[in-house]
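Chains, contacts and geometry: an overview
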Amino acid sequence: MKREKFDLLESTCVPLPLADIDTDQIIPARFLSATSRDGFGKNLFRDWRYDKKGNEIKDFVLNRAEYGGAILVASSNFGCGSSREHAVWAIADYGFRVVISDSFADIFRNNALNNGLLPVQIPSEMLSELTAKIIANPDLIVKIDLERQLISADENGISVPFAINTFRKQCLLNGLDNIDYLINMRSRIIEYENSRGGPG
Amino acid sequence: MLFQGSTMEPLTLFDKIWDAHVVKSVEDGPDVLYIDRHYIHEVTSPQAFESLRQRGTDVFRPERTTAVADHNIPTTDQHLPIRDSVSRAQVETLEENCRTYGIEHFGIGHSGNGIVHVTGPELGYTLPGMTIVCGDSHTSTHGAFGAIAFGIGTSEVEMVLATQCLLQVKPARMRITVNGSLRKGVTSKDLILYIISNISTSGAAGYFVEFAGEAIKGLSMEARMTICNMSIEMGARGGLIEPDEITFDYLSRITSFNSNPEAAKLTEKRLSLRTDPGAVFDRELEFDASSVPPMITYGTNPGMGMPIDGIIPDHEQSGTDNAGSFNKALEYMGFSPGMKLLGLPVDYVFLGSCTNGRIEDLRAFTAMVKGKRKAENVTALIVPGSQQVAREAEKEGLTEVLREAGFAMRQPGCSSCLAMNDDKIPPGKYAVSTSNRNFEGRQGPGARTILAGPLAAAAAAVTGRITDPRDLTTVYDL
Ligand code: SF4
């Protein structure tokens with residue numbers, strides 16, 4: 001299947017500098033009963049975003065008019081906890097295309113990459129600096145250049161490289177679907193099975 | 001030869017299993033890893049099947065996938081149709097998908113039904129040396145048998161359905177050696193909460209952890225599963241333990257194991273399922289089991305744990321960098337630094353989940369409450385991990401003892417562990433839970449979860465307060 005290509009993104013950011021944000025916060029379990037991938041964005045961070053009556057909690061960052069954009073700037077160990085891919089679907093469905101942090105939970109990172117949501121990992125000091133700059137100036141435009149593996153915010157002189165493995169990068173840049181990649185390898189997989197004495 | 005012997009460079013058990021399952025290495029990318037056993041459940045699989053259909057692809061090896069409904073099923077009246085229409089649709093979708101693709105399915109009420117990580121080992125599907133995945137982070141549980149087992153997302157569930165393979169970057173290796181032995185009244189749950197409170201909820205991120213040492217070797221299979229189950233709570237990709245006498249003993253008691261042709265082969269190659277002496281780990285940690293007390297958590301991640309009679313630290317004492325997150329957690333829990341939790345009245349007690357819903361946990365809980373009464377102020381949810389656990393509890397007379405003490409046994413399922421069904425803890429209420437996550441709202445919006453082992457849960461259930469199980473009885477020599 002074809003996926004959206006990712007190369008360059010320029011956007012303002014939404015800062016959420018809390019550590020260990022788990023997938024139960026990103027999308028609470030009671031919203032997981034759907035059997036499709038769509039519509040999870042409206043419940044993103046549900047219990048931080050709305051009170052029990054369903055009213056917006058004014059000071060939560062997603063409800064604040066000054067912040068917006070396609071980049072979520074989080075903090076360490078983002079996406080820990082459950083393996084629910086619904087967390088990634090919720091973030092992407094809400095409109096984010098990138099999450100920046102100094103560390104991600106392993107399953108979350110894989111899930112993000114499998115859905116074209118780019119997890120960008122930068123050193124802690126740079127993350128703190130970036131977060132502070134965004135809070136000081138919510139209109140700050142941050143540029144994510146996947147090809148060159150670089151985050152920059154020119155007028156502030158921020159320019160930080162980030163790592164991503166070549167295979168994942170190529171998949172994202174070309175909108176390739178890695179399930180197709182594996183399906184095309186089936187004969188190779190059968191060879192492997194035979195080398196172990198058959199598929200059983 | 002599936003696994004390399006020890007004549008070559010010394011290897012870790014993790015490396016041996018992983019390397020034997022690599023179909024292809026992608027340069028500067030993930031490995032194509034073959035998966036021996038795939039478990040699925042109703043919540044994280046429907047979108048995978050849907051996408052498979054859109055692709056027009058079949059399920060490559062349906063005999064390697066096993067399904068159970070567990071996450072959102074009710075724990076009462078399981079013979080009736082599920083009342084919640086959305087949950088019912090999800091459970092029915094699983095059943096239908098399994099029928100369409102020829103996948104074995106243990107639905108609600110089936111004698112083989114239960115929480116996926118409890119039933120897999122019971123059914124004899126989880127075996128040493130395997131690669132095992134499931135769209136659920138606690139798949140790490142199966143590592144207790146000396147397998148590489150880890151949680152995956154729904155896109156990856158689809159990958160496995162379509163090709164029996166996954167694209168995975170090989171994690172780094174960590175070994176956690178636990179010396180000595182656990183003191184009386186201290187369970188494997190306390191040990192793992194202790195380890196996580198020491199290294200934090202992200203302390204093992206990027207690693208696959210081997211648990212080793214005298215204390216681990218001394219644990220039963222059930223207790224080992226509790227340890228590996230919670231390895232994900234320290235951020236690890238998974239945890240595993242070398243298979244030994246105890247492992248093969250456990251397996252030999254499973255009917256299907258002895259009739260399985262793999263069993264003979266496995267018994268033959270068991271000596272190669274070891275970490276070679278001198279094998280190198282990327283990180284090594286050591287703990288002393290005799291210094292582990294009964295533990296509880298006071299915050300909103302499993303790393304925020306302390307001795308049951310301890311004092312809540314402030315953020316600096318706790319070693320947390322992010323003061324904002326730490327204080328937010330305490331505020332949510334209604335606690336403050338310097339507070340003692342011993343004696344705190346509690347509203348709910350939950351015994352169950354893939355962490356502590358096995359027969360041994362029920363035995364421990366029952367031994368503790370035997371001859372006592374459930375406290376008036378406590379609502380107790382006693383949820384066996386599987387139908388088999390429920391049958392065993394009945395047979396051993398545990399159900400009867402519990403009934404006499406005022407506890408009713410529910411039907412199996414994930415239940416209050418993630419509260420997708422009706423087993424929710426009301427806002428603001430305190431629950432002592434034997435599950436694995438104390439995240440905000442995990443057991444229901446506003447619920448306040450205190451994680452503990454089955455003995456501490458039992459002590460709370462009969463006293464109505466946080467109580468050190470060692471103060472209550474001498475029965476805990478289990
Ligand atoms: S019992 Fe809890 S942790 Fe275990 S599989 Fe069910 S929801 Fe997940």
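That block above? That's the structure.
None of these values were measured; they are calculated from a predicted model.

About the criteria used
- Residues numbered from 1 in each chain as written.
- Chains lettered and ligands numbered in written order.
- Predicted model: local features only at pLDDT ≥ 70, side-chain atom pairs only at ≥ 80, totals over all residues.
- Heavy atoms only, no water.
- Salt bridge = Lys/Arg side-chain N within 4 Å of Asp/Glu carboxyl O.
- Helix = DSSP H or I, 4+ residues; strand = E, 2+ residues; numbered from the N terminus.
- Buried < 20%, exposed > 50% of the residue type's maximum accessible area, 1.4 Å probe, protein only.
- Contact = heavy atoms within 4.5 Å.
- Pairing = 2+ DSSP bridges.
- Axes fitted to C-alpha atoms, helices over the stretch in contact; angles between N-to-C directions.

**Comments concerning the pattern of salt bridges**
Side-chain pairs of opposite charge can arise where the charged atoms are in close proximity. By the definition in use, this model includes 37 salt bridges over all chains. Note that B:Arg270 is salt-bridged to B:Glu245, the shortest N-O span being 3.3 Å. With B:Arg270 in the loop between α11 (261–269) and β12 (283–288) and B:Glu245 in helix α9 (residues 245–252), this residue pair connects regions lying 25 residues apart in the sequence. When salt bridges that share partners are traced, they join A:Arg37, A:Glu85, A:Asp177, A:Asp180, B:Arg55 and B:Glu158 into one network.

**Examining unusual backbone geometry**
With phi around 60 degrees, A:Asn77 is a residue other than glycine that occupies positive phi space. Relative to the assigned elements, A:Asn77 resides in the loop between β3 (71–73) and α3 (86–94). Judged by relative accessible area, A:Asn77 falls into the buried class, the value being 2%. For B:Asp28, which is not glycine, the phi torsion reads 45 degrees and is therefore positive. Within the fold, B:Asp28 resides in the loop between β1 (22–25) and β2 (31–34).

**What about the environment of A:Val120?**
All names here are of chain A. Here Val120 lies in strand β5 (residues 118–121). Residue classification places Val120 among the buried residues on the basis of a relative accessible area of 0%. Counting along the chain gives 76 residues from Val120 to Arg196, while the straight-line C-alpha distance between them is 39 Å. Contacts of Val120, omitting those with residues within four sequence positions, involve Val98, Val99, Ile100, Ser101, Phe104, Ile144, Ile151 and Phe162.

**Considering the sheet that holds strand β15 (residues 348–351) of chain B**
All names here are of chain B. Overall, parallel pairing links the four strands, which are arranged β16-β15-β17-β18 in an open sheet. Single-partner strands in this sheet number two, and they are β16 (379–382) and β18 (448–451). Going from strand to strand, the sheet's axes swing by 20 degrees on average, the running direction of each strand aside. Across three bridges, β15 lies against strand β17 (residues 430–433) in parallel orientation.

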